[in-house]
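Here is how the chains run, residue by residue.
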Amino acid sequence: MNEQLIRRACPADAEWIGSFLRERWRATTMAVHGELIDAAELPALMAENRQGLATYRWHGDDAELVSINAVPAGAGIGTALIEALTTKLRDEGCARLWLTMTNSNLYALRFYLRRGFRLMQVRPGAVDEARKLKPSIPTVGEYGIPMHDELDLCRILDPTADGHVALLPPWSRRQLHD
(Lines give C-alpha, C1' and ligand atoms only; values in the text may rest on other atoms or scores of the structure.)
Protein backbone atom coordinates (compact mmCIF):
# COMPACT_ATOMS: atom_id res chain seq x y z
CA MET A 1 0.00 0.00 0.00
CA ASN A 2 1.47 3.37 -1.01
CA GLU A 3 0.95 6.64 0.80
CA GLN A 4 -0.51 7.93 -2.49
CA LEU A 5 -3.49 5.68 -1.82
CA ILE A 6 -4.16 7.49 1.46
CA ARG A 7 -6.25 10.63 1.28
CA ARG A 8 -7.88 13.15 3.54
CA ALA A 9 -11.49 12.31 4.34
CA CYS A 10 -14.05 14.79 3.02
CA PRO A 11 -17.67 15.55 4.00
CA ALA A 12 -18.92 13.05 1.41
CA ASP A 13 -17.18 10.30 3.43
CA ALA A 14 -19.05 11.07 6.69
CA GLU A 15 -21.66 8.32 6.37
CA TRP A 16 -19.03 5.68 5.57
CA ILE A 17 -16.78 6.89 8.42
CA GLY A 18 -19.61 6.57 10.95
CA SER A 19 -20.51 3.11 9.66
CA PHE A 20 -16.87 1.94 9.63
CA LEU A 21 -16.28 3.17 13.21
CA ARG A 22 -19.47 1.51 14.47
CA GLU A 23 -18.49 -1.75 12.76
CA ARG A 24 -14.97 -1.74 14.23
CA TRP A 25 -15.55 -0.03 17.65
CA ARG A 26 -19.31 -0.65 18.22
CA ALA A 27 -19.77 3.17 18.34
CA THR A 28 -18.29 6.40 17.02
CA THR A 29 -17.43 7.59 20.53
CA MET A 30 -14.24 6.61 22.32
CA ALA A 31 -13.87 6.81 26.10
CA VAL A 32 -10.22 7.57 26.74
CA HIS A 33 -8.14 9.45 29.33
CA GLY A 34 -11.27 10.56 31.16
CA GLU A 35 -13.26 11.96 28.25
CA LEU A 36 -15.66 10.92 25.51
CA ILE A 37 -14.42 11.71 22.00
CA ASP A 38 -16.63 11.39 18.91
CA ALA A 39 -14.13 10.05 16.36
CA ALA A 40 -16.63 10.58 13.52
CA GLU A 41 -16.36 14.34 14.08
CA LEU A 42 -12.55 14.45 13.84
CA PRO A 43 -10.23 15.03 10.89
CA ALA A 44 -9.36 11.73 9.24
CA LEU A 45 -7.20 10.03 6.67
CA MET A 46 -8.54 7.04 4.81
CA ALA A 47 -7.35 4.42 2.40
CA GLU A 48 -8.64 5.33 -1.05
CA ASN A 49 -10.36 1.94 -1.33
CA ARG A 50 -12.04 2.37 2.09
CA GLN A 51 -10.01 -0.40 3.67
CA GLY A 52 -8.68 1.81 6.44
CA LEU A 53 -9.28 4.91 8.51
CA ALA A 54 -7.26 6.99 10.98
CA THR A 55 -8.88 9.77 13.03
CA TYR A 56 -6.86 12.35 14.93
CA ARG A 57 -7.00 15.68 16.73
CA TRP A 58 -4.62 18.44 17.75
CA HIS A 59 -3.40 19.30 21.28
CA GLY A 60 -1.34 22.48 20.86
CA ASP A 61 1.88 21.44 19.07
CA ASP A 62 1.06 17.75 19.57
CA ALA A 63 -1.55 15.53 17.92
CA GLU A 64 -3.44 12.47 19.11
CA LEU A 65 -4.27 9.43 17.02
CA VAL A 66 -7.78 8.68 18.28
CA SER A 67 -8.60 5.64 16.15
CA ILE A 68 -7.03 3.55 13.42
CA ASN A 69 -8.34 0.47 11.69
CA ALA A 70 -7.30 -1.41 8.58
CA VAL A 71 -9.10 -4.26 6.82
CA PRO A 72 -7.57 -6.72 6.29
CA ALA A 73 -5.01 -6.51 9.09
CA GLY A 74 -1.43 -7.20 8.08
CA ALA A 75 -1.75 -5.90 4.50
CA GLY A 76 0.22 -2.68 5.09
CA ILE A 77 -2.79 -0.36 5.18
CA GLY A 78 -2.31 0.57 8.86
CA THR A 79 1.36 1.32 8.25
CA ALA A 80 0.49 3.47 5.23
CA LEU A 81 -2.07 5.39 7.32
CA ILE A 82 0.45 5.98 10.16
CA GLU A 83 3.18 7.11 7.76
CA ALA A 84 0.85 9.40 5.79
CA LEU A 85 -0.46 10.89 9.04
CA THR A 86 3.00 11.48 10.50
CA THR A 87 4.15 13.12 7.24
CA LYS A 88 1.06 15.36 7.19
CA LEU A 89 1.37 16.32 10.85
CA ARG A 90 5.13 16.96 10.61
CA ASP A 91 4.52 19.22 7.58
CA GLU A 92 1.95 21.13 9.67
CA GLY A 93 4.42 21.68 12.54
CA CYS A 94 3.41 18.85 14.86
CA ALA A 95 6.11 17.91 17.37
CA ARG A 96 4.72 14.61 18.71
CA LEU A 97 1.99 12.11 17.81
CA TRP A 98 0.34 10.50 20.85
CA LEU A 99 -2.11 7.65 21.25
CA THR A 100 -3.79 5.80 24.07
CA MET A 101 -4.52 2.08 24.00
CA THR A 102 -5.56 -0.61 26.46
CA ASN A 103 -3.25 -3.02 28.25
CA SER A 104 -4.87 -6.01 26.56
CA ASN A 105 -4.22 -5.12 22.92
CA LEU A 106 -0.86 -6.83 22.40
CA TYR A 107 -1.18 -6.86 18.61
CA ALA A 108 -1.58 -3.08 18.53
CA LEU A 109 1.25 -2.54 21.03
CA ARG A 110 3.62 -4.49 18.80
CA PHE A 111 2.35 -2.61 15.73
CA TYR A 112 2.99 0.83 17.27
CA LEU A 113 6.36 -0.02 18.82
CA ARG A 114 7.61 -1.30 15.46
CA ARG A 115 6.58 2.02 13.86
CA GLY A 116 8.58 4.32 16.10
CA PHE A 117 6.21 4.86 19.03
CA ARG A 118 7.50 4.58 22.59
CA LEU A 119 5.60 3.65 25.73
CA MET A 120 5.49 6.79 27.84
CA GLN A 121 2.94 6.18 30.58
CA VAL A 122 0.72 3.50 32.11
CA ARG A 123 -2.45 4.62 33.89
CA PRO A 124 -3.62 1.72 36.09
CA GLY A 125 -7.41 1.42 36.32
CA ALA A 126 -8.08 4.05 33.62
CA VAL A 127 -10.14 1.64 31.49
CA ASP A 128 -12.20 0.73 34.56
CA GLU A 129 -12.91 4.46 34.97
CA ALA A 130 -13.68 4.82 31.24
CA ARG A 131 -16.42 2.19 31.59
CA LYS A 132 -18.32 4.68 33.76
CA LEU A 133 -18.48 6.93 30.67
CA LYS A 134 -18.98 4.10 28.18
CA PRO A 135 -20.31 0.88 29.80
CA SER A 136 -19.98 -1.07 26.53
CA ILE A 137 -16.17 -1.24 26.82
CA PRO A 138 -15.32 -4.95 27.12
CA THR A 139 -13.79 -6.27 30.32
CA VAL A 140 -11.57 -8.82 28.54
CA GLY A 141 -9.37 -8.28 25.50
CA GLU A 142 -7.01 -10.33 23.35
CA TYR A 143 -5.82 -13.67 24.70
CA GLY A 144 -8.29 -13.42 27.61
CA ILE A 145 -6.32 -10.54 29.16
CA PRO A 146 -8.44 -8.45 31.57
CA MET A 147 -8.76 -4.88 30.27
CA HIS A 148 -8.02 -2.41 33.09
CA ASP A 149 -5.25 0.04 32.15
CA GLU A 150 -4.51 2.69 29.53
CA LEU A 151 -1.09 2.95 27.90
CA ASP A 152 0.09 6.24 26.38
CA LEU A 153 2.52 5.96 23.48
CA CYS A 154 4.33 8.73 21.60
CA ARG A 155 6.18 9.09 18.31
CA ILE A 156 8.49 12.10 18.10
CA LEU A 157 7.91 13.90 14.78
CA ASP A 158 10.18 16.89 15.34
CA PRO A 159 13.67 15.80 16.37
CA THR A 160 14.23 19.19 18.05
CA ALA A 161 11.17 18.59 20.28
CA ASP A 162 11.74 17.50 23.85
CA GLY A 163 11.79 13.74 23.37
CA HIS A 164 13.04 12.40 26.67
CA VAL A 165 11.26 9.38 28.14
CA ALA A 166 9.67 11.27 31.07
CA LEU A 167 7.56 13.39 28.70
CA LEU A 168 3.85 13.41 29.62
CA PRO A 169 0.98 13.29 27.11
CA PRO A 170 -1.08 16.47 26.60
CA TRP A 171 -4.04 15.14 28.64
CA SER A 172 -1.78 14.42 31.65
CA ARG A 173 -0.19 17.87 31.40
CA ARG A 174 -3.68 19.37 31.37
CA GLN A 175 -4.59 17.45 34.55
CA LEU A 176 -1.44 18.78 36.29
CA HIS A 177 -2.57 22.34 35.59
CA ASP A 178 -6.21 21.86 36.69
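Provided above is the structure to which this section pertains.
Throughout what follows, the structure given in this document is the object of discussion. (Residues numbered from 1 in each chain as written. Predicted model: local features only at pLDDT ≥ 70, side-chain atom pairs only at ≥ 80, totals over all residues. Heavy atoms only, no water.)

1. Digging into the overall build of the protein
Test applied: Note on conventions: DSSP H or I runs of at least 4 residues are helices, E runs of at least 2 residues are strands, and numbering of each starts at the N terminus. We compute the radius of gyration over the C-alpha atoms and compare it with the globule rule, which gives 2.2 Å times the number of residues raised to the power 0.38. For the exposure calls, accessible area comes from a 1.4 Å probe over protein chains only, and a residue counts as buried if that area is under 20% of its type's maximum, exposed if over 50%, partly exposed in between. Residue contacts are defined here by distance: any two heavy atoms, one from each residue, within 4.5 Å place the two residues in contact. What sets the accessible areas is the Shrake-Rupley method with a 1.4 Å probe; for residues, cover comes only from the shown protein chains.
Within the protein, the regular secondary structure consists of five helices and nine strands. Order of helices (α) and strands (β) in the protein, N terminus to C terminus: β-α-β-β-β-β-β-α-β-α-β-α-β-α. Here the protein has a C-alpha radius of gyration of 16 Å; the compact-globule value for 178 residues is 16 Å, and the two agree. The principal-axis extents of the C-alpha atoms in the protein amount to approximately 40 × 40 × 30 Å. Per-residue burial over the protein gives 48% buried out of 178 residues. Contacts in the protein between residues far apart in sequence, at least 24 positions, make up 69% of those at least 6 positions apart. For the protein, the exposed surface amounts to about 9000 Å²; the carbon and sulfur share of it is 53%.

2. What to know about the environment of Ala73
If you trace the backbone, Ala73 turns up in the loop between β6 (62-70) and α2 (77-91). Through-space distance from the C-alpha of Ala73 to that of Phe20 is 15 Å; in sequence the pair is 53 residues apart.

3. Examining the pairing of strand β5 (residues 52-59)
On a regular strand, one side chain projects to one face of the sheet and the next to the other, so that they alternate. Operational definition: Here the rule is simple: two strands pair whenever DSSP picks up at least two bridges between them.
Counting buried positions over the eight residues of β5 gives seven, a clear majority of the element. Of the pairings in the sheet, the one linking strand β4 (residues 44-47) to β5 comprises three bridges and is antiparallel in character. Across the sheet, Leu45 pairs through a bridge with Ala54, a residue of β5. Relative to β6, β5 is paired through eight bridges, and the arrangement is antiparallel. Bridging across to β6, Gly52 finds its partner in Ala70. The hairpin turn running from β5 into β6, its antiparallel successor, is two residues long, and Gly60 in that turn takes a positive phi close to 65°.

4. With respect to the nonpolar core
Worth spelling out the cut-off: Nonpolar core, defined: a set of buried Ala, Val, Leu, Ile, Met, Phe, Trp, Tyr and Cys residues in which side-chain atoms within 4.5 Å join the residues together.
One finds Leu65, Leu89, Leu97 and Tyr112 to be the most contacted residues of the largest nonpolar core, which totals 27 residues. Of all elements in the fold, only β4, β5, β6, α2, β7 (96-102), α3 (106-114) and β9 (150-156) reach the threshold of two or more residues within this core. The element that contributes the greatest number of residues to this core is α2, accounting for seven residues. Those residues within four positions of Leu97 in sequence are excluded, and the remaining contacts are Ala63, Glu64, Leu65, Leu85, Thr86, Leu89, Phe117, Leu153, Cys154, Arg155 and Leu157. With 13 residues, the next largest nonpolar core counts Trp16, Leu21, Val32 and Leu53 among its residues.

5. As for the environment of Glu48
Mapping Glu48 onto the fold places it in the loop between β4 and β5. Look at Glu48 and you get partly exposed, because its relative accessible area is 44%. With 43 residues separating them in the primary sequence, Glu48 and Leu5 have C-alpha atoms 5.2 Å apart. With sequence-adjacent residues up to four places away left out, Glu48 is seen in contact with Leu5 and Arg7.

6. Here's the deal with the pattern of salt bridges
Operational definition: Each reported salt bridge corresponds to a side-chain nitrogen of Lys or Arg within 4 Å of a carboxyl oxygen of Asp or Glu.
Following the criterion strictly, the structure yields 13 salt bridges and no others. We note a salt bridge from Arg7 to Glu48, for which the minimum N-O separation is 3.2 Å. Here Arg7 is found in strand β1 (residues 6-8), whereas its partner Glu48 is found in the loop between β4 and β5, with 41 residues between them in sequence. Residue Asp152 is joined to Arg123 by a salt bridge in which the shortest nitrogen-to-oxygen separation is 2.6 Å. Of this pair, Asp152 sits in strand β9 while Arg123 sits in strand β8 (residues 118-123), and the two are 29 residues apart along the sequence. This pair shows no difference in class: Asp152 is buried, exactly as Arg123 is. A single network of salt bridges, built from pairs that share partners, joins Arg7, Asp13, Glu48 and Arg50.

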